[in-house]
Amino acid sequence: MDVAKCLWMQYPLYTSIRNLYFHPLSKFPGPKTWTMSRLPYVVSLLGGGLLDDMTSIHEQYGDIVRMAPDELSFATKDAWQEIYVHRQGHNNFTKSETWYKGS
């Protein structure tokens, strides 16, 4: 029982270190606390300050910022075009009927 409790208590530390140094997105800049855990992102979201926080983080770290362990935020027009606009020679993304019902 003690081994299980010890492992359970060490898991958040292990996950934080992994997210900060060994995650595939670790090479992107961003606040260390936000890259270690999703908790700061959720607190900011629930507190109503996420947009202001994202703006200040982009001002400090640049156009491409790691906002959570598994999330990047892009603040350029080119990124919007590259990520969301249809490209020649590629298939359109399939849209879910749940969210995109025709009239």
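Residues numbered from 1 in each chain as written. Predicted model: local features only at pLDDT ≥ 70, side-chain atom pairs only at ≥ 80, totals over all residues. Heavy atoms only, no water.

A. Examining the confidence of the model for the protein chain more closely. For the protein chain, per-residue confidence averages 88 on the pLDDT scale, and residues scoring 70 or more make up 93% of the total. Ranking the helices and strands of the protein chain by mean pLDDT puts helix H4 (residues 50-61) first, with 96, and helix H5 (residues 77-84) last, with 82. (pLDDT = per-residue confidence, 0-100. Helix = DSSP H or I, 4+ residues; strand = E, 2+ residues; numbered from the N terminus.)

B. Focus on the nonpolar core. By size, the foremost hydrophobic cluster in this structure holds 7 residues: Trp34, Tyr41, Leu50, Met54, Ile57, Val65 and Met67. Going through the elements one at a time, H4 and strand S1 (64-68) are the ones with two or more residues in this core. Of all the elements, H4 adds the most residues to this core, at 3 residues. The contact partners of Ile57, leaving out residues within four places of it in the chain, are Pro31, Trp34, Gly62, Val65 and Met67. (Core = buried A, V, L, I, M, F, W, Y, C linked by side-chain atoms within 4.5 Å. Buried < 20%, exposed > 50% of the residue type's maximum accessible area, 1.4 Å probe, protein only. Contact = heavy atoms within 4.5 Å.)

C. Representation of a nonpolar patch on the surface in the model. A surface patch of nonpolar side chains, amounting to about 600 Å² of accessible area, comprises Ile64, Phe74, Trp80, Ile83, Tyr84 and Val85. Top contributing element to the nonpolar patch by residue count: H5, with 3 residues. Within the secondary structure, Phe74 is located in strand S2 (residues 71-74). (Patch = residues over 30% accessible without salt bridge, like charges linked within 9 Å, V, L, I, M, F, W, Y side chains within 5 Å. Areas by Shrake-Rupley, 256 points an atom, 1.4 Å probe, with all protein chains shown as cover. Salt bridge = Lys/Arg side-chain N within 4 Å of Asp/Glu carboxyl O.)

D. Main features of the pairing of S2. For S1 and S2, the ladder comprises 4 bridges, and the chain directions are antiparallel. Following the sheet pairing, Arg66 is matched in S2 by Leu72. In this antiparallel pair of consecutive strands, S1 and S2, the connection spans 2 residues. (Pairing = 2+ DSSP bridges.)

E. Quick peek at the side chain of His23. With respect to the secondary-structure elements, His23 resides in the loop between helix H1 (2-22) and helix H2 (32-36). Here His23 falls in the buried class, since its relative accessible area comes to 14%. If near-sequence neighbours (up to four positions away) are discounted, His23 is found in contact with Arg18, Arg66, Pro69 and Asp70.

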